[in-house]
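Now for the letters of each chain:
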Amino acid sequence: SQTVRLSSLRGKVVLLEFMVSWCRNCQAMVPSIAYVSEKYKGQDVVVISVAATLGGATAESTAKFIREHGATWTHLLDQDNSVFPKYGVEATPTYFIIDRSGKIVNTQEGVISTQVLSSALDNALSI
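Residues numbered from 1 in each chain as written. Predicted model: local features only at pLDDT ≥ 70, side-chain atom pairs only at ≥ 80, totals over all residues. Heavy atoms only, no water.

### Observations concerning the overall build of the protein
Moving on, step 1. Across its full length, the protein holds 4 helices and 5 strands.
Moving on, step 2. The order of helices and strands in the protein, counted from the N terminus, is β-α-β-α-β-α-β-β-α.
Moving on, step 3. A compact globule built from 127 residues would reach a C-alpha radius of gyration of about 14 Å, and the protein, at 14 Å, matches this within 12%.
Moving on, step 4. Partitioning the intrachain contacts of the protein with sequence separation of at least 6 by distance along the chain shows that 76% fall at a separation of at least 24.
Moving on, step 5. With an accessible surface of roughly 6800 Å², the protein has 49% of that area assigned to carbon and sulfur atoms.
Moving on, step 6. Once the 11 positive and 11 negative side-chain charges of the protein are each reduced to a mean point, those two points are 5 Å apart. (Helix = DSSP H or I, 4+ residues; strand = E, 2+ residues; numbered from the N terminus. Rg over C-alpha atoms; globule rule 2.2 N^0.38 Å. Contact = heavy atoms within 4.5 Å. Areas by Shrake-Rupley, 256 points an atom, 1.4 Å probe, with all protein chains shown as cover. Lys, Arg positive; Asp, Glu negative; His and termini not counted. Charge placed at Lys NZ, Arg CZ, Asp CG, Glu CD.)

This is the structure in structure tokens:
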């Protein structure tokens, strides 16, 4: 398994999603995340989903989620569930938009529109 450090993504805008494979709202958000992932390709935007292993979610159920929903962007497994508390995540999905300097500039929870995601990313790109 590979460790990804956000500091290695400085200079890019990051859409960081915290999700769990069995979360219905996370499943409902796949088309929106797929849309922005495609829309901002080549624009210094990185989309990463961090998947928890809570409530029965496993590496296998996460892999199945990715396959079944055609989620083609980067997914990382929070194997020991240490990343969620670092970001104070209590609900899934939770979204953080991180600007080029590594600062969180926008936080959203639950099912949100692609428009809200897009304008948050546009704002971060213009900083």
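Once the structure has been displayed, the description carries forward.
### Here's the deal with the side chain of T62
Moving on, step 1. Looking at the secondary structure, you find T62 in helix α2 (residues 59-69).
Moving on, step 2. Dropping the residues within four chain positions of it, T62 is found in contact with S21, A51, A52 and L77.

### Regarding unusual backbone geometry
Moving on, step 1. The omega torsion of the bond from T92 to P93 falls at -5°, within 30 degrees of zero and hence cis.
Moving on, step 2. Counting through the fold element by element, P93 comes out in the loop between α3 (83-86) and β4 (94-98).
Moving on, step 3. A positive phi angle, close to 65°, is found at D44, a residue other than glycine.
Moving on, step 4. Here N81, not a glycine, exhibits a phi torsion of approximately 50°, which is positive.
Moving on, step 5. Mapped onto the elements, N81 comes out in the loop between β3 (74-78) and α3.
Moving on, step 6. For N81, a relative accessible area of 19% puts it in the buried group. (Buried < 20%, exposed > 50% of the residue type's maximum accessible area, 1.4 Å probe, protein only.)

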